[in-house]
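The primary structure of each chain is shown beneath.
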Amino acid sequence: MTSDNQVLLRMDKINKSFPGVQALKDVDFEVRRGEIHALVGENGAGKTTLMRVLSGAAPPDSGSIYWNGEPVSIPDPAAAQALGISMIYQELTLIPYLDLGQNIYLGREPAAKAPNFIDWQRLYRMAQEQLARVGLEVDPRTLVAELPIAQRQMVEVAKALSLDASLLVMDEPTSALTEHEVETLFERMRELKAQGVSIVFISHRLEEVFRIADRVTVLRDGQLVGSAPISDLTEDDVVRMMVGRELKSYHAKEVAPIGDEVLRVEDLSRGDVVRGVSFSLRKGEILGVAGLVGAGRTELSETIFGVHPATGGRILIDGRPVEIHSPAQAIELGMGFVPEDRKAQGLFLRLSVAFNIVTVALKSLTTLGLIRPNAARNLARTFVERLAIRTPSLEQRVRNLSGGNQQKVVIARWLTLEPKILILDEPTRGIDVGAKAEIYALMSDLAKRGVGILMISSELPEVLGVSDRILVMREGRIVAEINDPRGATQDDIMRAAAGGANGGGSAIQA
Amino acid sequence: MSTVSAALGSLRRMDWRSFFQKYGLVISFLLLCGALTALSDRFLTVSNITNILRQSTINGIISVGMTVVILTRGIDLSVGSVLALSAVVMADALKAGWATGPAVALGLALGGLMGLISGLLITQLRVPPFIATLGMMTFARGAALTYTQGRPITGLGDEFRFLGTGFIGPVPMPIVLAAIVFGLGYVILNHTRFGRYVYGLGANEEAARLSGIPVKAYVSVVYAIAGALSALAGVILIARLNSAQPVAGKGFEFDAIAAVVVGGTSFEGGEGTLWGTLLGVLIIAVLNNGLNLLNVPSFYQQVVKGAVIALALLIHRAIR
Ligand SMILES: Nc1ncnc2c1ncn2[C@@H]1O[C@H](COP(=O)(O)OP(=O)(O)OP(=O)(O)O)[C@@H](O)[C@H]1O
Ligand SMILES: [Mg+2]
């Protein structure tokens with residue numbers, strides 16, 4: 001191993017286990033000064049755990065850590081901060097009912113002249129500057145709860161930047177961001193790198209890794225597979241290292257016969273976030289919805305699913321007008337909905353994997369008012385196997401699964417119902433390439449069986465690769481429809497989404 | 001080498017942890033009983049044990065309702081007052097010549113209604129559970145006092161009194177009733193959709209709503225159940241005393257909350273079991289009984305009980 005002063009951090013033979021899982025096995029990890037170091041691996045490979053060891057959130061069972069060549073122990077997050085390690089967690093950690101300024105400076109509020117008082121003016125002024133650095137033009141007195149998830153992520157970044165760390169760990173910072181914000185984030189990262197700050201960057205989007213990282217370390221099943229300069233590798237190399245086998249092209253929806261119209265939305269409105277949206281979805285079709293954050297995509301899907309009341313327009317299922325005032329009614333009509341924020345809206349984190357999967361299917365598993373326990377377990381087991389969800393047992397709390405496996409659990413829940421219409425809001429957020437391929441295959445399979453799928457996604461290659469047809473939204477309206485995604489490019493979508501639809505290619509009908 | 005020992009070390013740690021998570025409460029309970037057996041030869045006798053069980057039935061029945069409420073992330077402060085109101089109304093009906101069955105049904109319905117009102121305040125008007133049930137606590141107590149003009153209603157008839165003082169075989173009637181409540185509660189919480197969804201909506205209300213669970217209706221029903229169970233506890237209380245006091249049940253909410261919390265149910269919702277609550281109820285009852293047997297002055301008894309509850313919470317935190 002190099003012991004020159006290039007090396008800022010060295011982790012040596014780190015082991016960490018949880019009940020039923022050895023999350024890290026003898027992992028070595030090294031970060032040099034002023035480099036952007038990508039850490040990649042499948043869901044559950046141990047990336048987050050390794051970083052939690054580093055940040056003192058999960059002390060290792062064994063192994064040593066060297067900082068600037070000196071052995072250190074990091075028993076708690078305060079120790080990590082004292083060394084200059086700052087971490088952006090995969091699961092957002094902002095406090096919803098405090099405002100942005102208070103969140104950014106939580107625990108280190110600037111002192112006023114009188115002791116023990118906070119200099120609020122200075123706090124908000126500094127917060128404003130930090131927010132501006134990440135391109136957020138919002139009042140620092142806004143409550144976190146009022147922000148959409150992408151902006152929260154940027155607040156999280158602002159907070160981490162304000163810490164003056166010499167090592168910044170970013171665990172999937174981009175999974176909730178659209179292209180535009182990703183670019184802003186990358187600019188900041190390059191700036192920090194120029195100042196000599198080292199960054200560990202975790203992402204499942206390899207294209208990003210190749211765009212920003214200098215070196216990459218790959219983990220698989222809790223073990224180190226290898227570490228190399230990015231220039232020595234191709235995307236295929238990295239994928240092979242991650243999954244341990246060749247992976248064929250992972251988008252490619254199989255052609256499914258497209259059938260009759262299953263869902264029709266006419267002139268649907270909700271306040272000024274969804275304005276007069278009309279479209280139709282057919283059996284076996286995957287309809288992609290693209291747009292910038294804040295374009296109203298999530299609001300549209302939530303309105304269709306009855307989460308929020310519509311203020312105008314109507315919805316038809318199988319040609320018949322329907323009233324949907326609640327998710328329960330939507331489910332009754334054969335809809336399923338995978339929400340954008342799995343932790344806040346999707347999962348029962350402290351409950352078991354089994355319960356999380358069978359939630360909506362319980363009705364059909366009940367005889368004379370009593371749930372048939374074996375039927376419920378079998379159903380859960382079937383879906384754990386079918387979606388290859390990695391969990392030591394059905395009784396494991398969902399909280400303890402890795403992010404990608406959590407997402408699979410939410411998807412599994414709806415598949416138990418065999419819905420007619422499935423709405424997926426960012427279905428592959430935070431999901432590894434292998435699992436993504438599985439989810440695409442799953443969607444493709446569902447489509448083949450006649451399910452109509454409405455898929456909102458901020459990942460343009462995904463929208464282009466998976467959809468049969470694409471809607472682009474901007475400011476609550478549909479501004480473009482792309483009937484032939486194979487013939488369209490990311491630029492076509494971006495232009496429409498950002499407001500220059502006229503320049504789009506022939507595939508676009510504005 | 002080092003990894004092997006590390007793995008073994010962690011394995012041992014984990015096993016102890018999950019062992020204590022599962023059996024910590026039983027062990028504490030057995031230790032407590034063991035200590036009292038050693039300290040007093042009157043503790044481990046059939047009559048004393050029957051006595052403890054009988055005394056714990058009222059708190060036990062209320063605690064079942066309280067468990068369900070706390071599982072939904074709520075709290076019910078009104079259980080004692082609701083008990084009193086339904087007790088005096090029941091007693092009055094009995095005095096007016098009602099038969100036992102209809103009078104009890106009236107009491108349970110009234111308790112259920114009071115609970116339902118709290119539930120509707122919470123779900124429809126979005127009043128926080130603490131405030132809504134605090135209001136109900138005051139209201140129901142006031143109603144009970146007004147209804148009786150502050151006077152107890154006594155002389156309830158032998159048929160009714162059977163519910164508090166009778167036996168089925170060797171088993172006192174209150175214990176039979178409490179066992180039925182626990183049994184039914186267990187089945188409902190673990191084996192029905194309603195029960196599983198109570199856990200679900202307690203763990204994440206938004207996710208529950210998006211999964212089509214009728215959150216508002218369920219939460220309202222949960223408070224109605226808690227109210228009806230309070231009324232049932234009231235039946236046992238007045239049947240035993242042969243008298244319904246408008247001030248009955250004061251402070252019962254604290255005993256119930258204490259039992260539920262000692263039993264490991266989390267205020268954060270979605271986590272807890274009736275087994276735990278049963279043990280919590282028994283631990284508190286044994287503690288009360290033991291402190292009496294040992295002639296601990298009643299002021300100190302409070303201090304000891306408080307300390308035990310705090311300790312239980314700390315242990316629960318530590319092993320989680
Ligand atoms: N607190 C915990 N208790 C039990 N198991 C855990 C816990 N935290 C993590 N694990 C397990 O450890 C393994 C590694 O998880 P980790 O979160 O580090 O994966 P990851 O590489 O970050 O995955 P993802 O890309 O999905 O975020 C997984 O099998 C996970 O289920
Ligand atoms: Mg992770």
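No experiment lies behind these values; they were computed from the predicted model shown.

Peer 1: What's the story with the pairing of strand β1 (residues 7-18) of chain A in this structure? I'm lost.
Peer 2: Residue and element names in this part refer to chain A. Bridge count for β1 against strand β2 (residues 21-32) is eight bridges, and the pairing is antiparallel. Note that in β2 the partner of M11 across the bridge is F29. As paired strands, β1 and strand β4 (residues 62-67) are joined by five bridges and run antiparallel to one another. Pairing of L9 across the sheet is with W67, part of β4.

Peer 1: Can you help me understand the site of ligand 1 in this one?
Peer 2: Residues and elements named next belong to chain A. In the region of ligand 1, 20 residues are neighbours, and N43, K47, T48, T49 and H204 sit closest. In this structure, G44 approaches ligand 1 through a main-chain N or O atom, which is 2.8 Å from an oxygen atom. Breaking the shell around ligand 1 down by element, the ones donating at least two residues are β2, α1 (47-54) and α14 (403-415). In terms of residue count, the dominant contributor to the shell around ligand 1 is α1 (three residues). Partitioned by chemical class, the residues of the shell around ligand 1 number five nonpolar, 12 polar and three charged.

Peer 1: I tried to follow the sheet that holds strand β6 (residues 85-88) of chain A on my own but got confused; where do I start?
Peer 2: Two pairing modes exist for strands in a sheet, parallel and antiparallel, and in both the strands are linked by backbone hydrogen bonds. All names here are of chain A. Across the sheet, which stays open at both edges, the six strands sit in the order β6-β7-β8-β3-β9-β10 with mixed pairing between neighbours. With one partner strand each, in any of the chains shown, β6 and β10 (223-229) form the two edges of the open sheet. Taking each pair of neighbouring strands and ignoring which way they run, the sheet shows an average axis angle of 15°. In this sheet, strand β8 (residues 198-202) lies alongside strand β7 (residues 167-171) in parallel orientation, the contact comprising five bridges. Looking across to β8, one finds that M170 is bridged to F201. On the sheet, α1 packs against β3 (36-41), β6, β7, β8 and β9 (215-220) and is oriented at approximately 135° with respect to β3. Sheet contacts for helix α8 (residues 235-243): β3, β9 and β10; angle to β9, the most-contacted strand, approximately 30°.

Peer 1: Please clarify how the domain arrangement of chain A should be interpreted in this entry.
Peer 2: How big an interface is tends to be reported as the loss of accessible area on association of its parts. Residue and element names in this part refer to chain A. The assigned domain composition of chain A is domain 1 (4-243) and domain 2 (261-334 + 419-509). Computed from C-alpha coordinates alone, the two centres of domain 1 and domain 2 are separated by 32 Å. Opposite the 18 residues of domain 1 that make contact, domain 2 presents 15 residues. For the domain 1 and domain 2 pair, buried surface summed over both sides reaches about 1,200 Å², with 62% attributable to carbon and sulfur atoms. In this structure, the connection of domain 1 to domain 2 is made through one salt bridge. Residue E459 pairs with R205 through a salt bridge whose shortest N-O separation is 3.6 Å. Across the contact surface, domain 1 and domain 2 share two residue pairs in polar contact (both at pLDDT 80 or more). Of all elements in the fold, only α5 (149-161), α6 (179-194) and α8 reach the threshold of two or more residues within the side of domain 1 that touches domain 2. Per element, the largest residue contribution to the side of domain 1 that touches domain 2 is three residues, and it comes from α8. Classifying every residue of the side of domain 1 that touches domain 2 gives eight nonpolar, five polar and five charged.

Peer 1: I keep staring at the nonpolar core and nothing clicks. Help me out?
Peer 2: Side chains of a nonpolar character, in soluble globular proteins, are inclined to be buried together. In this structure, L263, F279, I304, F305 and M335 of chain A are the most contacted members of the largest nonpolar core, which totals 149 residues. Broken down by element, this core gets its largest block of residues, 14 residues, from helix α10 (residues 215-241) of chain B. For F279 of chain A, the contacting residues outside a window of four places in its chain are L263, R264, V265, L287, L300, I304, L454, L471 and I478 of chain A. Counting 50 residues, the second-largest nonpolar core is a separate cluster that includes L123, A150, V182 and L185 of chain A.

Peer 1: I would appreciate a short explanation of the sheet that holds β1 of chain A in the present structure.
Peer 2: All names here are of chain A. With respect to topology, four strands assemble into an open sheet ordered β2-β1-β4-β5, the strand pairing being antiparallel. In this open sheet, the two strands that pair with only one neighbour each are β2 and β5 (70-72). Between one strand and the next, the sheet's axes are offset by a mean angle of 25°, whatever the strand orientation. On top of the sheet, α1 reaches β1, β2 and β4; it is set at about 115° to β1, its chief contact.

Peer 1: Teacher, can you tell me more about the side chain of H37 of chain A here?
Peer 2: Following the sequence through the fold, H37 of chain A ends up in strand β3. When neighbours within four sequence positions are excluded, H37 of chain A is seen to be in contact with F29, E30, V31, I199, V200, F201, R215, V216, T217 and S227 of chain A.

Peer 1: Please explain the packing of aromatic side chains as it appears in this structure.
Peer 2: Working definition: an aromatic ring pair is given by the centre-to-centre distance plus the angle between the planes. All names here are of chain A. Applying the stated criterion across every chain, the model contains eight aromatic pairs over all chains. When the ring of F186 is compared with that of F201, the centres are 5.8 Å apart and the planes differ by 75°; the resulting orientation is edge-to-face. On the criterion of sequence distance, the pair formed by F186 in helix α6 and F201 in strand β8 is long-range, its members being 15 residues apart. Neither F186 nor F201 differs from the other in exposure class; each is buried. For the pair F305 and W414, a centre-to-centre distance of 5.9 Å together with 85° between the ring planes defines the contact as edge-to-face. With F305 in the loop between α9 (297-304) and β14 (312-317) and W414 in helix α14, this pair connects stretches of sequence that are 109 residues apart. Accessibility expressed as a relative area gives 1% for W414, which makes it buried. Three or more aromatic residues joined by ring pairs make a cluster, and in this case those are F305, F337 and W414.

Rules used in this analysis
Residues numbered from 1 in each chain as written. Chains lettered and ligands numbered in written order. Predicted model: local features only at pLDDT ≥ 70, side-chain atom pairs only at ≥ 80, totals over all residues. Heavy atoms only, no water. Pairing = 2+ DSSP bridges. Helix = DSSP H or I, 4+ residues; strand = E, 2+ residues; numbered from the N terminus. Near = heavy atom within 4 Å. Polar contact = N/O pair within 3.5 Å; in protein donor to acceptor, adjacent residues only side chain to side chain. Nonpolar A, V, L, I, M, F, W, Y, C, P; charged D, E, K, R; others polar. Axes fitted to C-alpha atoms, helices over the stretch in contact; angles between N-to-C directions. Contact = heavy atoms within 4.5 Å. Domains from an automatic or database assignment. Buried area = accessible area lost by both parts, 1.4 Å probe. Salt bridge = Lys/Arg side-chain N within 4 Å of Asp/Glu carboxyl O. Core = buried A, V, L, I, M, F, W, Y, C linked by side-chain atoms within 4.5 Å. Buried < 20%, exposed > 50% of the residue type's maximum accessible area, 1.4 Å probe, protein only. Phe/Tyr/Trp six-rings, centres within 6.5 Å; stacked < 30°, edge-to-face > 60°.

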